[in-house]
Amino acid sequence: MQYRCGEAEQETPLIIPEFTVSQRAVSFYAACDNEEGRMIQAAKIPMAKFEVKGSVCGSCNGLMYFAEFGGVRIVVSNPLRSQFKILPSMSIGNYCPESDKAYGLGFDTSTKTFKMVCTIYEASTSRCTLVHTLGTTSWREVSKVPSPYILYGEPVFVHGFLHWLAEPSSTSENCQGRIMAFDVSKETFKLIPHPEICLDKDRGQFRVLDIKGNLAMFDLSCNTKIDIWVVMDYDNKLWSRDYTVRIDTPLPDHMQVIGMWKQDEILLTNNQGYFSYSLKTDDLKYKHTSGFSSSEKVYTHRGSLISISDVLEAA
């Protein structure tokens, strides 16, 4: 009861086993810090379990969403309430079910409804974008991603927009690291400027994140530091390099950002284990682990007691 109520609005690590094609059930295990803040310890009993064959695509306002292998079936879940909902199947016409897809879940404040967005690609070209309002029975087609951009990575919902990193589908274009925003209310895409950083790098070395309600972008291209840029003025898209994570001993592999943990820490990982960076003290700490193995995934999730039934009825 203390976990479900007292911690409900904080970012909470969730342990999820590695997904496989043959897997039929997903279990969520809550994790917590010890008193010294040096260990991530997973619970022994799962907080939620349901059938799904796919991978986590992201989260929004307490709801996590999964896309099954093949991408036709999407599942939305609130693990804190052990609830899940299978969305209606998409009518993708002549598009191959195995086509690449980009997913995102956002909240429309004007209608008080959640909307699932799916962009379908073929031959690295955006073919169409479909939107489903949770609580309805169908999908509808909206304006697609502007050519020649493709979306990648886990999206971030903040300021009423879903944000993906975008890169050109053609080497003749140069927009790697750009950010594509989807207005959840108006259901339109637009490019927004990125920080003034070198973009001639592998796309896996960038990440967008929500830091205290603001859009942030991580530059993970250096193995001795991580620069964190934050949008201080969203309307004018003014970026500021607010944090620099110093890594005293160069690491063999670049860090990956898992997400926000608690209110002022960021959880990161590489092949050596897990680390937390404090926005308040500027400290980078190694995290020991207990109760889960390296084959299991760790996600950070901003918990909410919102009921999926209420979400569906709102539409």
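Scroll up to find the structure this text is about.
Everything quoted here is computed from the prediction, not taken from an experiment. (Residues numbered from 1 in each chain as written. Predicted model: local features only at pLDDT ≥ 70, side-chain atom pairs only at ≥ 80, totals over all residues. Heavy atoms only, no water.)

Asker: Let's hear about the nonpolar core: which residues, and what values?
Answerer: Counting residues in each nonpolar core, the largest one holds 39 residues, and the members touching the most others are Leu-105, Phe-114, Met-116, Leu-134, Trp-139, Leu-151 and Phe-182. The residues contacting Met-116, other than those within four sequence positions of it, are Tyr-65, Ile-74, Val-76, Leu-87, Gly-104, Leu-105, Leu-130, Val-131, His-132, Leu-134 and Trp-139. Core analysis: the next-biggest nonpolar cluster, separate from the first, contains 19 residues, Ile-211, Leu-220, Ile-228 and Val-257 among them. (Core = buried A, V, L, I, M, F, W, Y, C linked by side-chain atoms within 4.5 Å. Buried < 20%, exposed > 50% of the residue type's maximum accessible area, 1.4 Å probe, protein only. Contact = heavy atoms within 4.5 Å.)

Asker: Account for the state of the cysteines, naming residues and giving values.
Answerer: Scanning all chains against the criterion turns up 0 disulfides. Cys-118 carries a free sulfur, and the closest cysteine sulfur to it, the one in Cys-128, is 7.4 Å from it. A relative accessible area of 2% places Cys-128 in the buried class. (Disulfide = S-S within 2.5 Å.)

Asker: Can you explain the pattern of salt bridges? Please cite residues and give values.
Answerer: Per the counting criterion, the structure on display carries 8 salt bridges. Salt-bridge contacts for Glu-187 lead to Lys-115; the nearest nitrogen and oxygen are separated by 2.9 Å. Of this pair, Glu-187 sits in the loop between strand E15 (178-183) and strand E16 (188-192) while Lys-115 sits in strand E10 (residues 113-122), placing them 72 residues apart in sequence. Note on accessibility: Glu-187 and Lys-115 belong to one class, buried. In this structure, the salt-bridge partner of Asp-227 is Arg-241, at a minimum N-O distance of 3.7 Å. Placement of the pair is Asp-227 in strand E19 (residues 225-233) and Arg-241 in strand E20 (residues 238-246), with a sequence separation of 14 residues. (Salt bridge = Lys/Arg side-chain N within 4 Å of Asp/Glu carboxyl O. Helix = DSSP H or I, 4+ residues; strand = E, 2+ residues; numbered from the N terminus.)

Asker: So, the sheet that holds E19: which residues are in play, and what are the values?
Answerer: Strands belonging to one sheet form pairs held by backbone hydrogen bonds; the direction of such a pair is parallel or antiparallel. Read across the sheet, 4 strands follow the order E17-E18-E19-E20 without closing on themselves; strand pairing throughout is antiparallel. Across the chains shown, the open sheet's two edge strands, defined by having one partner strand only, are strand E17 (206-211) and E20. Within this sheet the neighbouring strands show an average axis-to-axis angle of 25 degrees, counted without direction. (Pairing = 2+ DSSP bridges. Axes fitted to C-alpha atoms, helices over the stretch in contact; angles between N-to-C directions.)

Asker: Any details on the packing of aromatic side chains? Residues and values, ideally.
Answerer: Counting across every chain of the model gives 7 aromatic pairs. Arranged with centres 5.9 Å apart and planes meeting at 80 degrees, the rings of Phe-28 and Phe-66 form a pair that is edge-to-face. Placement of the pair is Phe-28 in strand E2 (residues 25-33) and Phe-66 in strand E6 (residues 63-68), with a sequence separation of 38 residues. The class for Phe-66 is buried, based on a relative accessible area of 0%. Here the aromatic rings of Phe-161 and Tyr-234 are separated by 5.8 Å at their centres, their planes lie at 45 degrees, and the arrangement is tilted. Here Tyr-234 lies in the loop between E19 and E20 and Phe-161 lies in strand E14 (residues 161-168), a separation of 73 residues in the sequence. Classification of Phe-161 by relative accessible area gives buried; the value is 12%. You can call Tyr-234 buried: its relative accessible area is 10%. One aromatic cluster is present, built from ring pairs that chain together Trp-164, Phe-182 and Phe-189. (Phe/Tyr/Trp six-rings, centres within 6.5 Å; stacked < 30°, edge-to-face > 60°.)

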